[in-house]
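Okay, here's what each chain looks like letter by letter:
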Amino acid sequence: MVIFKEAATLSQYLQQQALGGRSIGFVPTMGALHEGHLSLIRKSQEMAGYTVCSIFINPTQFNNPEDFRNYPVTIEQDIEKLVSAGCDLLFLPSVAEIYPEGYRQPHYDLGPIETVLEGAFRPGHFQGVCAVVDRLLQIVNPHHLFMGQKDYQQCIVVNRMLKLTGRLEAIRLHLAPTAREQDGLAMSSRNLRLTPDQRQLAPALFQVLSYVRDHRGQASAQALEEEAGRRLQAAGFQTDYVSIRSSADLMPATNGETEVALVAASLGPVRLIDNLLLS
Ligand code: AMP
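How each quantity is defined
- Residues numbered from 1 in each chain as written.
- Predicted model: local features only at pLDDT ≥ 70, side-chain atom pairs only at ≥ 80, totals over all residues.
- Heavy atoms only, no water.
- Disulfide = S-S within 2.5 Å.
- Buried < 20%, exposed > 50% of the residue type's maximum accessible area, 1.4 Å probe, protein only.
- Pairing = 2+ DSSP bridges.
- Helix = DSSP H or I, 4+ residues; strand = E, 2+ residues; numbered from the N terminus.
- Axes fitted to C-alpha atoms, helices over the stretch in contact; angles between N-to-C directions.
- Contact = heavy atoms within 4.5 Å.

> What is the right way to look at the state of the cysteines in this model?
Cysteine pairs can be linked by a disulfide, which is a covalent bond between their two sulfur atoms. Inspection of the entire model under this criterion finds zero disulfides. Not engaged in a disulfide, the cysteine Cys 53 finds its nearest cysteine sulfur in Cys 87; these two sulfurs lie 5.2 Å apart. Lacking any disulfide linkage, Cys 155 is separated from the closest cysteine sulfur, that of Cys 130, by 12 Å. According to the relative accessible area criterion, Cys 155 is buried, its value standing at 4%.

> Teacher, can you tell me more about the sheet that holds strand S7 (residues 238-246) here?
Pairing between sheet strands relies on hydrogen bonds along the backbone, with the strands arranged either parallel or antiparallel. Strands sit in the order S7-S8-S9 across an open sheet of three strands; the sheet is antiparallel. In this open sheet, the two strands that pair with only one neighbour each are S7 and strand S9 (270-277). Mean inter-strand twist for the sheet, computed between neighbouring axes without regard to direction, equals 10°. Sheet topology places S7 next to strand S8 (residues 259-267); eight bridges connect them, and they run antiparallel. Counterpart to Arg 245 in the pairing with S8 is Val 260. Sitting on the sheet, helix H11 (residues 221-234) touches S7 and S8, and the angle it makes with S7 is about 155°.

The following block contains the structure:
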């Protein structure tokens, strides 16, 4: 696996490299890699001839400075995992490479998706996500982009950004299912910050989502959201939201639409998100 730290040399390398007509698959991450990230790498290897991964903890998407400061960094292990997985290229840029002097963050007209759920609790977050993915796509110029359903709203937002920037035809966005621990907890880099006691409590998130899925036929969305909230509180979580939405646009679902249940809740300082399709 080759590693690049500079955007210009990476772009040049990918242009000059005789890829023999192979397409480029791209997996952007913030590191502290786990099986969920590696499932994206494998998906890319299935669909594209050359796989690029980036590790960049993007400051512009953190609305909480403490969350940014405490974000786990495990670069040595990450590199080992990527080499074992057979990733072709790792992009490991500094903040100045992604946001060079004179860079001005564009404003993306994301519509209502920007301010619901995660957007309501993390103002500016999705503008930051779009900014970094937009920059990374300019640099890597892939044919395929791989993202996890774990960050469901982020996938919808990035799809919209691709549309806004006229790339929907050139770049295919693929979603991968959420990789989970044996007890159901969605894999997340932030799980590393849980204390052993919190780690024991954390699967309640998935249990609550499963409860919602299993009872959706028998109860109203509101009744299920309230019950889910009670269960999370009883399990020790501080809940930001638990909500049943249309899976297409995350607006309140109308009759017959496919639904998704989404949750964001904290154990102490560690905020976790998860979601489950209901049908
Ligand atoms: P992150 O490093 O958290 O920014 O995540 C990088 C990519 O990996 C994003 O597209 C995430 O949605 C995806 N991802 C994170 N956790 C999981 C998981 N448990 N299963 C599948 N994909 C995931």
